[in-house]
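So you can see what is in the structure, the chains are spelled out below.
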Amino acid sequence: MAEPMSPDYFSCPLCVELLKDPVAIPCGHSFCMDCISGYWNEADYTGIYICPQCRITFTQRPVLRPNTTLTKVAEKIKKTGLNLNASAAPSPNSYAGPADVPCDYCSGKKLKAVKSCLNCLASYCEKHLKPHYESATFKRHKLVDELGNLDRKICPQHQKSLELFCRTDQMCICAICTVSEHKGHDIVSAEAERSEKQKLLGVSQAEIRQKCQQRTKELEELKTAVDSLKSSAQRAMTESKKMFDEMITSIERMRSEVTKLININEKAAFSQAEGLMERLEQEIEELKKKETGLKQLYSTDDHIHFLQNFNYLCTPTDDGFVPRVTLNPDFSFGAARKAVAEIKERLEEIGREELLKISYSVNEVPVYTMENRTRERSSRVKEVAVDSASPPEPKNRSDFLKYFCQLKFDPITAYKELHLSESSRKVIRTRDLQPYSDSPERFDSFAQVLCREALSGGRFYWEIEWSGEFSMGVAYKGISRKGKGSLCLLGYNDKSWSLLCSDSGYSAWHNRVDKAISAPHSPKIGVYLDHRAGVLAFYSIGENMTLLHRFQTTFTEALYPGFGVGTSVKICQLK
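Here we summarise the structure given alongside this text. Owing to the predicted nature of the structure, the values given are computational and were not obtained by experimental measurement.

What counts and what doesn't
- Residues numbered from 1 in each chain as written.
- Predicted model: local features only at pLDDT ≥ 70, side-chain atom pairs only at ≥ 80, totals over all residues.
- Heavy atoms only, no water.
- Helix = DSSP H or I, 4+ residues; strand = E, 2+ residues; numbered from the N terminus.
- Contact = heavy atoms within 4.5 Å.
- Areas by Shrake-Rupley, 256 points an atom, 1.4 Å probe, with all protein chains shown as cover.
- Disulfide = S-S within 2.5 Å.
- Axes fitted to C-alpha atoms, helices over the stretch in contact; angles between N-to-C directions.
- Parallel < 35°, antiparallel > 145°, perpendicular 65-115°, else oblique.
- Left-handed = near helix turned anticlockwise from the far one by under 90°.
- Pairing = 2+ DSSP bridges.
- Phe/Tyr/Trp six-rings, centres within 6.5 Å; stacked < 30°, edge-to-face > 60°.
- Buried < 20%, exposed > 50% of the residue type's maximum accessible area, 1.4 Å probe, protein only.
- Salt bridge = Lys/Arg side-chain N within 4 Å of Asp/Glu carboxyl O.
- Polar contact = N/O pair within 3.5 Å; in protein donor to acceptor, adjacent residues only side chain to side chain.

What follows concerns the overall build of the protein chain. The helix and strand tally for the protein chain stands at 8 helices and 26 strands. Across the protein chain, contacts joining residues at least 24 apart in sequence account for 54% of those joining residues at least 6 apart. Total accessible area on the protein chain is roughly 38,100 Å²; 54% of this is exposed by carbon and sulfur atoms.

Here is the structure:
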């Protein structure tokens, strides 16, 4: 039985459709008139015409003659309705997409290339690749998996295949390059150079594989650390809430006990006083009766009546019947109020100090430490980068604000002419004495005040608005508060550092040593403290941060921000 004829016999190798106006070229292959004409029109500038199917080269453009037999067959197929295209049409997945290498010989919509020829420097789909398998002309051509950018395999100067490698210039070259630009260089075949570099490739692959494994291990460790961190944070929040709830319960219980104690004492004192008042009222009533009787006896004319009642009415009153009551002037429930106020102050002070410790442990102690990786030829050496625990000093205001801390004036330390307002964030000097109680912590001779917060171990930043002459700085808790000596003044002793500000300029003070500072007047000043590094710096705040003065020392205790007030000072808040 005769083998059925393939539809490929009646389709154009270029458009892969039924032949239209078929023409035969000298090698015997047939194409659509328009397809082969358009194909060779692109080769007119080289003068070399190639058969798209068998790759035979013609030095002159062949004359195209219609193939009458194929024309009749094609017309008959059209009349009978035989659908050759349906049987020969490629599937939609065969067409080249954006990421695919297209066939160089498909016209119209191009199919995916399945192979590339390193001799032809072209890529072919399955249909256009057939001549390379069927024709002896292409037996020596080297086919490889489809490659893009085959033009890169042509020498841009000589338009020849790149087959050699110049080790001197480390580049691929063609044969003509060896007698021109690369004459006398160390030249080997591309295959030989590839063989040498293949060895290095294996080393690089092993190194990359090892690095990938290492990074994977680090990623897993980091994920584990993050999970642990989340668990730790959740546990800390839960336990903190529980302990705060217990503290609130404890304070509520303490309040209940104090309230109960005051009520019991109030009731006992009232009950005792009530009994005494009742007995005194009775005695007063009896004395009034006796007084009335004596008046009547004194005025009576009846001698017998007078003598009979004289002894009874003139008998002295028993003073021991009701005890004499003297109120204790020292007793007052004010002592209870004072005790509760002291508990409140101590709790707030402990809370502030401990909150600063928590802030330091959370904000300053690094969660991670990072290292730079540097690779040398023989080994990797890890060098520690800038210490993560010591970040660089702030440069602009946004950097400083990362360390912003909320401060409040401590009324216990305020001089009696200083009036505090705006939740203890503003202080004004007045002529009237404020109703402050006496305290060993109060400045009694200088218009100064300290803040409540004890700053220690970390970085802190605050901002001040001011008017009139004033001083600002920090001091140890042990700074003197009493008397008119310099030991009480900010900056005039070894327990404090300060910046004196006035409309005429600035001066920095410590231990009675001053340094004049020339700078424009600024109504707003920022203070930066790095307790651990021993840095205290003052900045004028405008469009930029301008350094006024910087102290570099060693702080051995917690520091309290302090102010000497001329007119008014206000501690700024973040908005």
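Back to the write-up after that little detour.
Quick look at the state of the cysteines now. Summed over all chains, the structure comprises 0 disulfides. The cysteine Cys-451 is free of any disulfide, with Cys-405 supplying the nearest cysteine sulfur at 8.7 Å.

This part takes up the packing of helix H5 (residues 190-299) against helix H6 (residues 303-313). Contact geometry for H5 and H6: axes closest at 10 Å, N-to-C directions at 150°. Put simply, H5 runs roughly antiparallel to H6. Between H5 and H6 the crossing geometry is left-handed. Taken together, the residues of H6 that come into contact with H5 (itself represented by Lys-290, Gly-293, Leu-294 and Leu-297) are His-305, Phe-306, Asn-309, Phe-310, Tyr-312 and Leu-313.

With that settled, the discussion passes to the sheet that holds strand S16 (residues 448-450). The sheet built from 6 strands is open, its strands ordered S16-S25-S18-S19-S20-S21 with antiparallel pairing. The open sheet has two edge strands, S16 and strand S21 (513-517), and neither has a second partner. Averaged over neighbouring strand pairs, the angle between their axes works out to 20° when direction is ignored. Inspection of the sheet shows strand S18 (residues 470-476) paired to strand S19 (residues 496-502) by 6 bridges, in the antiparallel sense. Directly across from Ser-471, in S19, lies its bridge partner Leu-500.

Here we come to the sheet that holds strand S8 (residues 143-145). The strand order S7-S6-S8 describes an open sheet built from 3 strands, whose pairing is antiparallel. Each edge of the sheet is formed by a strand with only one pairing partner; in this case those strands are strand S7 (122-124) and S8. When the angles between neighbouring strand axes are averaged without regard to direction, this sheet yields 35°. The sheet contact formed by strand S6 (residues 115-117) and S8 spans 3 bridges and is antiparallel. Looking across to S8, one finds that Ser-116 is bridged to Val-144.

Moving on: the packing of aromatic side chains. In the structure shown here, the tally under the stated rule is 13 aromatic pairs. On the basis of an interplanar angle of 0° and a centroid distance of 5.2 Å, the ring pair of Tyr-105 and Tyr-124 is categorised as stacked. A residue pair is termed long-range when its members are at least 10 positions apart, and Tyr-105 in the loop between helix H3 (84-88) and S6 and Tyr-124 in strand S7 qualify at 19 residues. As far as burial versus exposure is concerned, Tyr-105 and Tyr-124 are alike and both buried. Relative to Phe-563, the ring of Phe-409 lies with its centre 5.5 Å away and its plane at 80°, an arrangement referred to as edge-to-face. Of this pair, Phe-409 sits in the loop between helix H8 (397-400) and strand S14 (418-421) while Phe-563 sits in strand S25 (residues 559-564); the two residues are 154 residues apart in sequence, bridging distant segments of the chain.

A few words now on the side chain of Ser-424. If you trace the backbone, Ser-424 turns up in the loop between S14 and strand S15 (426-429). Setting aside residues no more than four positions away along its own chain, Ser-424 makes contact with Lys-408, Phe-409 and Arg-452.

Inspection of every chain in the model, using the stated rule, returns 16 salt bridges. Salt-bridge contacts for Arg-255 lead to Glu-252; the nearest nitrogen and oxygen are separated by 2.8 Å. In this pair, Arg-255 and Glu-252 are both assigned in helix H5, 3 residues apart and thus about one turn of the helix distant. Residue classification places Arg-255 among the exposed positions, given a relative accessible area of 55%. Glu-252 sits in the partly exposed class, given a relative accessible area of 39%. A salt bridge links Arg-459 to Asp-530, with the shortest nitrogen-to-oxygen separation between them at 3.1 Å. Of the two residues, Arg-459 sits in strand S17 (residues 459-467) while Asp-530 sits in strand S22 (residues 524-530), which places them 71 residues apart along the sequence. For the residue pair Arg-459 and Asp-530, the accessibility class agrees, reading buried in each case.

Okay, helix H4 (residues 126-134) next. Here H4 has its buried residues at Lys-127, His-128, Leu-129, Pro-131 and His-132. Packed against the buried residues of H4 are S6, S7 and S8.

A word on the environment of Val-565. Along the chain, Val-565 turns up in the loop between S25 and strand S26 (568-571). Sequence separation of Val-565 and Leu-418 is 147 residues, and the distance between their C-alpha atoms is 8.0 Å. Each residue touching Val-565, except ones within four places of it in the same chain, is listed here: Leu-418, Val-427, Arg-429, Ala-447, Glu-469 and Phe-470.

What follows concerns H6. Note that an α-helix has 3.6 residues per turn; residues three or four places apart therefore point the same way. Of all 11 residues in H6, 1 are buried; the element is thus mostly exposed. Measuring from the side-chain oxygen of the N-cap residue of H6 to the backbone nitrogen of Ile-304 gives 3.1 Å; that N-cap residue is Asp-302.

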